[in-house]
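A look at the structure
If you want the building blocks of each chain, they are given just below.
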Amino acid sequence: MAMPSRPGAEQGRDGHGACAAGAAASSPPRAGRPVQPPGLSVTWQQHDLLLDSFEHRGTGRHVEQVSWRWRGPLDAERFTAAWQSVVDRETVLRAAFAWEPEPHVVLHERAAAEVVRHPAGSVGWDELVERDRLRGFDLRRPGPLRVTLLDEPADGDGAGPAGGPGPSSGADREPDAAATRVLLTFHHGLLDAWSVFVLIDEFYRAYLAGGALPGQERRPDLRDWSLWLSRQDPGPAREFWTRTVPAGTPAVLPAAPGPDTLESGCGRAEARLTAVEADRLHRWAAAQALPDSTALQAVWALLLYRATGASGPAQVGFGVTVSGRGITLDAVERLPGPLRNCLPMSVQVDPGERFLQLLTELRDRALDMAAYEWVSAGQIHEWTGRASRGGRLLESVVAVESAPRREPDARTELAAGGVRVDPPRASGVHTAFPVALFAHREADGALTLSALHDRARISAADARRLVGHCVRLLTVLPRTDERTTVAEVLAALAGHALPRIAVRRRPAAEPGARLRTHSIGGRAAVEPLSSRS
């Protein structure tokens, strides 16, 4: 079964909303024909993400994970019932994809929560996390999220840090305390990390209520978000992006051309600022009226510029993630769905310019883009003519973890029952790009930077070098002032070898072509993802 082409570039009034299948489902069924569940049109971003998932099955692309430690008694029956209650409440957790007559999201009336528990010592934590990520999802079936539990031995063997996937260490574990690691694995086609944090709060409330949430389905939900999108006029967004995207092709790779890496799969390289360094950076940024994300974006822009080898001004481009929850939809901050988005950021880097000017331009650009955070990068390529003539606006992404305001009451009630839960941590997600930089603030105040990379393009050693350069520049920023130039900041990397990136191993369509409305000839030559379970 083949997958048809994506929605048109005028995503908004004509590109979103109830699809033909959904409209047909609302009509009286013909005799002898089963009633079809309602459906919603896929967004442009969902379409591109699904195609990439199909083309790279078994790699764990677009699959993210959130994990934490549960310390104290765990009632398995109530735990499973609570997740089932959340699935019954949330439309998105009963959603799946179908491809004909056009791609659409199918909303099922029922779906079973998948909760699996592994006894202590049956499998290592790191192995379990990676295996579950690579398993992926059969996107034709409802259920874009699953829950896996791993009990830990009472003596602390095999315990990892309280946060998410990563190297094991039992230093923070209370001796002889019963503990269970909780892993949520989900697909970005229907959920983002923000959504999962919301769902965790709902699960806690259900668990405390004996395994059942009171009330009916949540509204607003995925249907209301889709309706909101369908009512947006794309005209102002198109005018903004065609006016602000530079005419030329920016430098988009944070590494210099290099040989084949002789590696494969998805990799992760990490480096961190200590709590003291992260706090110093935060206070410096606040004194400049800048969010921490702007500092990170500026450092990434410098690395893109450095990789060009230019001595004068050069335009660079990369993606920045936005929560998608700055839209005018009631209660959207508590709405689970695939709202997170990636938008192209482009800026000119001039070594003779004041570094503060670069920071200000990035901050102001981000503020201007916020009004159009519901627009996809594919539409922007289409509107700016890059879908037809080629030219990439981004080949990397900078993501700063964002989460909704947490509800402390549930954790307090759990503690009263002898259960202590650590803050959940998101892993970040491997995307279609060669590298994504993910920033996460640890519970102890440290700032961890993770380079999630395609090992066929960037080797493990070069990824470590790249993220190490980020940390080095971030530690330099608090020592700058209004007179410091871009060149002076870049001087901190003098003598450090450039990271290298390999060319693609096989011919591939330019991202501009992949983002074209009919770039796949009306029907994609890929088949639906088969179950990997």
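Note: the structure precedes this text.
Residues numbered from 1 in each chain as written. Predicted model: local features only at pLDDT ≥ 70, side-chain atom pairs only at ≥ 80, totals over all residues. Heavy atoms only, no water.

**Some details on the overall build of the chain**
- Along its length, the chain carries 16 helices and 19 strands.
- Within the chain, buried positions represent 56% of all 533 residues.
- Pairs at least 24 residues apart make up 81% of the contacts formed inside the chain by residues separated by at least 6 positions.
- Accessible area for the chain stands at about 21,900 Å²; split by element, carbon and sulfur atoms hold 51% of it. (Helix = DSSP H or I, 4+ residues; strand = E, 2+ residues; numbered from the N terminus. Buried < 20%, exposed > 50% of the residue type's maximum accessible area, 1.4 Å probe, protein only. Contact = heavy atoms within 4.5 Å. Areas by Shrake-Rupley, 256 points an atom, 1.4 Å probe, with all protein chains shown as cover.)

**Regarding the layout of surface pockets**
- In this structure, the second largest pocket encloses a volume near 620 Å³.
- Of all elements in the fold, only helix 5 (193–208), helix 9 (292–308), strand 11 (314–322), helix 10 (355–369) and strand 13 (396–400) reach the threshold of two or more residues within the lining of the second largest pocket.
- At four residues, helix 10 tops the list of elements feeding residues into the lining of the second largest pocket.
- Split by residue class, the lining of the second largest pocket holds 14 nonpolar, seven polar and seven charged. (1 Å grid on protein atoms, 1.4 Å probe; cavity = no way out; pocket = protein on both sides within 12 Å on 5 of 7 lines; lining within 4 Å. Points joined across faces, edges and corners; volume = space filled by probe spheres on them. Nonpolar A, V, L, I, M, F, W, Y, C, P; charged D, E, K, R; others polar.)

**Regarding the environment of aspartate 132**
- Mapped onto the elements of the fold, aspartate 132 is located in helix 4 (residues 125–135).
- Taking the relative accessible area as the measure of exposure, aspartate 132 reaches 7% and is therefore buried.
- With residues up to four places along the chain from it excluded, the contact list for aspartate 132 reads Gln65, Arg146, Thr148, Leu183 and Thr185.

**Brief notes about unusual backbone geometry**
- Omega for the bond connecting glutamate 100 with proline 101 falls within 30 degrees of zero, at 5°, which places this linkage in the cis form.
- Summarising the element assignment, proline 101 is placed in the loop between strand 4 (95–98) and strand 5 (104–107).
- Unusually for a residue other than glycine, histidine 62 sits at a positive phi of about 65°.

**Details of the sheet that holds strand 10 (residues 266–273)**
- Read across the sheet, six strands follow the order 10-17-16-13-11-12 without closing on themselves; strand pairing throughout is mixed. Each of the sheet's edge strands pairs with one partner strand only, and the pair in question is strand 10 and strand 12 (341–349). Neighbour to neighbour, the strand axes of the sheet diverge by 25° on average, direction disregarded.
- Here helix 8 (residues 275–287) sits on the sheet and contacts strand 10, strand 16 (435–441) and strand 17 (447–454); the angle it forms with strand 10, its principal contact strand, is near 80°. (Pairing = 2+ DSSP bridges. Axes fitted to C-alpha atoms, helices over the stretch in contact; angles between N-to-C directions.)

From the geometry alone we can't say anything about function, so treat these as descriptive.
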